[in-house]
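So you can see what is in the structure, the chains are spelled out below.
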Amino acid sequence: MHYFFAFEKEMKQADIRFLNYDRIKWKFNYAFGMPHVLPAIQIATKEEQDDILVRQLYCLSFLPYCESEPFLQILKQCFTNPDQIKKIDSAAKEQALEAQWNRIQVPLVALISLLLCLGIYWLVK
């Protein structure tokens, strides 16, 4: 449990410009690869589980959606409470929407700029 608290603290102190995605993925793989983590999470009280889940979702929020999706599936297997599953699903949807917006943002700006330039050109002629 302390591992996830330290991991969250490390992510809060990290400079977002220099994040190492491989290190974040390694830390999650390491934690879920240990045999005592899953039983420890499952026998914890609901408040402790909620706290751990919030910390894990915060750390996963730094990863792009395509890289965090497998870890979100692992979290669904760890937590069985319907409220916790809803939190995981809403985090997944939020990351998916952000990824979709990031994918269309540049072409949208380019299209708007092109239309604006064409409008200015036709007004000047």
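Above this text sits the structure in question.
Counting restarts for each chain: residues are numbered from 1 in the order of the written sequence. Where local features are concerned, this predicted model is filtered to residues with pLDDT of at least 70; where side-chain atom pairs are given and counted, the filter is 80 or more; whole-chain, interface and lining totals use all residues. Working from all heavy atoms in the structure, the side-chain values ignore hydrogens and water.

**Student:** Looking at this structure, how should I read the overall build of the protein?
**Tutor:** Labels follow the DSSP assignment, with helices taken as runs of H or I lasting at least four residues and strands as runs of E lasting at least two, numbered in each case from the N terminus. What the protein contains, in helices and strands, is six helices and zero strands. Sequence-ordered secondary structure for the protein, helices as α and strands as β, is α-α-α-α-α-α. Computed over C-alpha atoms, the radius of gyration of the protein comes to 20 Å, more than 25% over the 14 Å expected from 2.2 N^0.38 for 125 residues, which places it beyond the range of a compact globule. Contact between two residues is taken to exist if any of their heavy atoms lie within 4.5 Å; hydrogens are not considered. Long-range pairs, those at least 24 residues apart, make up 70% of the contacts in the protein with a sequence separation of at least 6. Computed by Shrake-Rupley with a 1.4 Å probe, the accessible areas treat only the displayed protein chains as cover when residues are assessed. Approximately 8700 Å² of the protein is accessible, and the part contributed by carbon and sulfur atoms is 63%. Of the side chains in the protein, 14 bear a positive and 14 a negative charge, and the two mean positions are spaced by 5 Å. Here the globule rule reads 2.2 Å times residues to the power 0.38, and the radius of gyration is calculated from C-alpha atoms. His is not counted here, nor are the chain ends, while Lys and Arg score as positive and Asp and Glu score as negative. For the purpose of locating charges, the reference atoms are NZ of Lys, CZ of Arg, CG of Asp and CD of Glu.

**Student:** I keep staring at the pattern of salt bridges and nothing clicks. Help me out?
**Tutor:** Once the charged atoms of two side chains with opposite charge are near each other, the side chains can pair. Take a side-chain nitrogen of Lys or Arg and a carboxyl oxygen of Asp or Glu: if they are within 4 Å of each other, that pair is a salt bridge. With the rule as written, the count across this model stands at ten salt bridges. When the shortest N-O distance is used, the salt bridge between Lys 27 and Glu 10 registers 3.5 Å. Here Lys 27, found in helix H2 (residues 21–33), pairs with Glu 10, found in helix H1 (residues 2–13); they are 17 residues apart in sequence, far enough to count as distant. Lys 27 sits in the buried class, given a relative accessible area of 10%. Classification of Glu 10 as partly exposed rests on a relative accessible area of 28%. Notably, a salt bridge pairs Lys 25 with Glu 67, separated by 3.5 Å at the nearest N-O pair. Taken together, the residues Lys 25 in helix H2 and Glu 67 in helix H5 (residues 65–78) connect sequence positions 42 residues apart. Buried residues are those whose accessible area, probed at 1.4 Å on protein chains only, stays under 20% of the maximum for their type, while exposed residues exceed 50% and partly exposed ones sit between those limits. Relative accessible area serves as the criterion here: at 21%, Lys 25 is assigned to the partly exposed category.

**Student:** What's the story with the packing of H1 against H2 in this structure? I'm lost.
**Tutor:** With their axes 11 Å apart at the nearest point, H1 and H2 run at an angle of 175 degrees to one another. Of the possible angle classes, the one that applies to H1 and H2 is roughly antiparallel. On the side of H1, the interface is formed by Tyr 3, Phe 4, Phe 7, Glu 10 and Met 11, while H2 contributes Arg 23, Ile 24, Lys 27, Phe 28, Tyr 30, Ala 31 and Phe 32. Each axis is a line fitted through C-alpha atoms, and for a helix only the stretch in contact is used; angles between axes span 0 to 180 degrees, taken between their N-to-C directions. In these notes the angle categories are as follows: under 35 degrees is roughly parallel, over 145 is roughly antiparallel, 65 to 115 is roughly perpendicular, and the rest is oblique.

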